[in-house]
Amino acid sequence: GEALNHELVQDILGCTEHIVYHANLLTDTYDYLSAGAERVLGLPLDELRRRGLAALRERMDGDDYARCIARFAEVAAAAPGRRTPLHLEYRIRMPDGRTAWFSDATTVAADAAGRPLAVFGIVTEITGRILQEQALRESEAKYSGIMRAA
């Protein structure tokens, strides 16, 4: 039945190493936040759910939160009454003090007036990829300098 399907989906989403979410931008709360959020962010799931987007906003690095909210508004204004996919990358300060990078494949739901109502999607930690890209750029710059000096 429908309850079994809902339970099955919850079980599946609960075992992923990603964060699956639905956030209500009007109430600053999560309508859904998968158990993966606790594993990925290192914060208790009940705290994340209780505090809503404030918990994320406090941990986002620099102006990343404001940039994301501005993109939501921009996308919603361009597509009133529609759902529009969007890709974002941002940094979050982890409980151990390090900064982690995340990729957010989200969808922005807009009302008929073009205001963002909600966002939902899947978040993946990409810190390893970002660090590899930085190391590659540094290596290329070093090699390029050596070749120019030769």
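The sections below set out a description of the structure shown in this document. (Residues numbered from 1 in each chain as written. Predicted model: local features only at pLDDT ≥ 70, side-chain atom pairs only at ≥ 80, totals over all residues. Heavy atoms only, no water.)

1. Describing the pairing of strand β3 (residues 83–93)
Working step 1: Covered by surrounding structure in β3 are Thr84, Leu86, Leu88, Tyr90 and Ile92 only, the residues Arg83, Pro85, His87, Glu89, Arg91 and Arg93 on the alternate face being uncovered.
Working step 2: Two strands pair when backbone bridges link them, and β3 and strand β4 (residues 99–110) are joined in this way by 11 bridges, in the antiparallel orientation. Paired with Arg83 across the strands is Ala109, a residue of β4.
Working step 3: The turn joining β3 and β4, which pair antiparallel and follow one another in sequence, is formed by 5 residues; a positive phi near 95 degrees is taken by Gly97. (Buried < 20%, exposed > 50% of the residue type's maximum accessible area, 1.4 Å probe, protein only. Helix = DSSP H or I, 4+ residues; strand = E, 2+ residues; numbered from the N terminus. Pairing = 2+ DSSP bridges.)

2. Observations regarding the nonpolar core
Across soluble globular proteins, nonpolar side chains show a tendency to be buried alongside one another.
Working step 1: Counting residues in each nonpolar core, the largest one holds 31 residues, and the members touching the most others are Leu33, Tyr90, Ile92 and Phe102.
Working step 2: Here this core gets 5 residues from one element, more than from any other, and that element is helix α5 (residues 64–78).
Working step 3: If we skip the residues at most four places from it in the chain, Tyr90 touches Met60, Asp64, Arg67, Cys68, Ala100, Trp101, Phe102, Asp104 and Val123. (Core = buried A, V, L, I, M, F, W, Y, C linked by side-chain atoms within 4.5 Å. Contact = heavy atoms within 4.5 Å.)

3. Considering empty space enclosed by the protein
A water-sized probe rolled over the atoms picks out the places where empty space is left.
Working step 1: Across all of its chains, the model carries 1 cavity of 30 Å³ or more by this definition.
Working step 2: Here the largest cavity is characterised by a volume of approximately 250 Å³.
Working step 3: Contributing to the lining of the largest cavity are 23 residues, with Tyr30, Leu53, Leu56, Tyr90 and Asp104 lying nearest its centre.
Working step 4: If you list the elements that add at least two residues to the lining of the largest cavity, you get β1 (19–24), β2 (29–33), α2 (36–41), α4 (53–59), α5, β3, β4 and β5 (116–125). (1 Å grid on protein atoms, 1.4 Å probe; cavity = no way out; pocket = protein on both sides within 12 Å on 5 of 7 lines; lining within 4 Å. Points joined across faces, edges and corners; volume = space filled by probe spheres on them.)

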